[in-house]
Amino acid sequence: MKKRTLYLVFLTVCFSSTLHAQNTIEAPKGYSTQIGNMVSMLEDLKARLTAGVVNLNQNEVDFLLDDDANRMGAMILHLAATEKYYQLYTFENRSLNKDENETWLMPL
């Protein structure tokens, strides 16, 4: 019964993120079109992701549907690592340093 509950939670997260999807991408005031579009998409992703997982416990975030699946927590960590890399590359014109590699290379 517990596995069925986790499966239903997983499906709910997947479908709710689709239902809350943004229909249009609009650059917020103060940004160029391209940068504003990226900001808009990232804010939308953050809102949908947060809404989908905010009330999940550790077991639900670590749930595996099958042996070939990825855990939701791993997917979220991948998004965070990708964001970290692009921030460093864009704003500091560099890649991850040795200490940052220890934290972020695996989820990338």
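Heads up: the structure comes first, above all this text.
Reference entry: report on the structure contained in this document. The written sequence of each chain sets the order in which its residues are numbered from 1. Since the coordinates come from a predicted model, pLDDT governs what is reported: local features require at least 70, and pairs of side-chain atoms require 80 or more to be given and counted, while whole-chain, interface and lining totals use all residues. With hydrogens and water excluded, all non-hydrogen atoms of the structure serve as input to the side-chain values.

**Focus on the packing of aromatic side chains**
Aromatic pairs are defined between Phe, Tyr and Trp rings, using the six-membered ring for Trp, whenever the two ring centres lie within 6.5 Å; interplanar angles under 30 degrees are classed as stacked, those over 60 as edge-to-face, and all others as tilted. Counted according to the given criterion, the structure contains two aromatic pairs. With 5.5 Å between their ring centres and 80° between their planes, Tyr85 and Tyr86 make a pair best called edge-to-face. On the basis of relative accessibility, which here comes to 23%, the residue Tyr85 falls in the partly exposed class. An angle of 15° between the planes, with centres 6.0 Å apart, marks the rings of Tyr85 and Tyr89 as stacked. Highlighted residues: Tyr85 and Tyr89, both in helix α4 (residues 72–91), separated by four residues, approximately one helical turn. Linked through ring pairs, Tyr85, Tyr86 and Tyr89 together constitute an aromatic cluster. With a 1.4 Å probe rolled over the protein chains alone, any residue whose accessible area is under 20% of its type maximum counts as buried; one over 50% counts as exposed, and the rest are partly exposed. For helices the rule is a DSSP run of H or I covering at least 4 residues; for strands it is a run of E covering at least 2, with both sets numbered from the N terminus onward.

**Let's talk about a nonpolar patch on the surface**
Together, Ile25, Met38, Met41, Leu42, Leu45 and Leu79 give the surface a local cluster of nonpolar side chains, amounting to about 490 Å² of exposed area. Within the secondary structure, Met38 is located in helix α2 (residues 33–53). Its relative accessible area of 45% is what places Met38 among the partly exposed residues. Here, patches come from residues exposed beyond 30% relative accessible area and free of salt bridges, joined within 9 Å for like charges and within 5 Å for nonpolar side chains (Val, Leu, Ile, Met, Phe, Trp, Tyr). A 1.4 Å probe and the Shrake-Rupley method give the accessible areas. Residues count as covered only by the protein chains that appear here. A pair is scored as a salt bridge if a Lys or Arg side-chain nitrogen falls within 4 Å of a carboxyl oxygen belonging to Asp or Glu.

**Description of the side chain of Ser40**
Following the sequence through the fold, Ser40 ends up in helix α2. Its relative accessible area of 9% is what places Ser40 among the buried residues. Distance and chemistry together define a polar contact, namely a pair of N or O atoms within 3.5 Å, with one atom able to donate a hydrogen and the other to accept it when in protein, and with adjacent residues in sequence counting only for side-chain atoms on both sides. At a separation of 3.4 Å, a polar atom in the side chain of Ser40 contacts the main-chain carbonyl oxygen of Glu26.

**Some remarks on the pattern of salt bridges**
Summed over all chains, the structure comprises four salt bridges. Salt-bridge contacts for Lys46 lead to Glu43; the nearest nitrogen and oxygen are separated by 3.5 Å. Residue Lys46 and its partner Glu43 are located together in helix α2, separated by three residues, close to a single helical turn. Residue classification places Glu43 among the partly exposed positions, given a relative accessible area of 43%. Residue Glu92 is joined to Arg94 by a salt bridge in which the shortest nitrogen-to-oxygen separation is 2.7 Å.

Remember that the coordinates give geometry; whether it matters functionally is a separate question.
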